[in-house]
Amino acid sequence: MRLRDLKQEQFIAVLLDNKRRYLDDRVITQGLLDTSPVHPRELFNAAIRESAAAVVVVHNHPTGDPTPSREDLAITRSLIQAGELIGIPVLDHLIIADDRYISLLEEGLLKF
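A quick note: this is a predicted structure, and the numbers were derived from the prediction, not measured.

Draft legend 1. Main features of the sheet that holds strand β1 (residues 10–16). Taken in spatial order, the five strands line up as β2-β1-β3-β4-β5 in an open sheet, and their pairing is mixed. Of all strands in the sheet, those bounded by a partner on one side alone are β2 (22–30) and β5 (100–103). Each strand of the sheet is rotated relative to its neighbour by a mean of 20°, with strand direction disregarded. The pairing of strand β4 (residues 90–97) with β5 spans four bridges and is classified as antiparallel. When the sheet's bridge partners are listed, L94 is paired in β5 with S103.

Draft legend 2. Inspection of the nonpolar core at higher detail. I28, L43, F44, A47, V55, L79 and V90 are the most contacted members of the largest nonpolar core, which totals 21 residues. Listing elements by their share of this core, those giving two or more residues are β1, α1 (40–49), β3 (54–60), α2 (70–86) and β4. Dropping the residues within four chain positions of it, F44 is found in contact with V55, L79, A82, G83, I86, I88 and V90. Counting residues in each nonpolar core, the second largest holds six residues, with V14, L16, V58 and I96 among its members.

The rules behind these values
Residues numbered from 1 in each chain as written. Predicted model: local features only at pLDDT ≥ 70, side-chain atom pairs only at ≥ 80, totals over all residues. Heavy atoms only, no water. Pairing = 2+ DSSP bridges. Helix = DSSP H or I, 4+ residues; strand = E, 2+ residues; numbered from the N terminus. Axes fitted to C-alpha atoms, helices over the stretch in contact; angles between N-to-C directions. Core = buried A, V, L, I, M, F, W, Y, C linked by side-chain atoms within 4.5 Å. Buried < 20%, exposed > 50% of the residue type's maximum accessible area, 1.4 Å probe, protein only. Contact = heavy atoms within 4.5 Å.

See below:
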């Protein structure tokens, strides 16, 4: 709910324990109207500090269209690869827009 009405993109990490239970969430970056650049370093810094076993990433599209962009897919691939290297998997990437969302996992867009 807190993302759907924002005028700027925010990229959030939802941190999970080893039983996939919620630990915390952190705003990783806040961007512009149509972009919120994120680097694996920032995402996994938060995950490591909180001893997270896995993460789900979430960001909003202020345009109202949750369709993932090429950049969204590229960032997700980069985060998944980094997570594999350090042992903290990225389980899903949700894109929120108005009262709709897209789960890249549900859409079959995540490659594990």
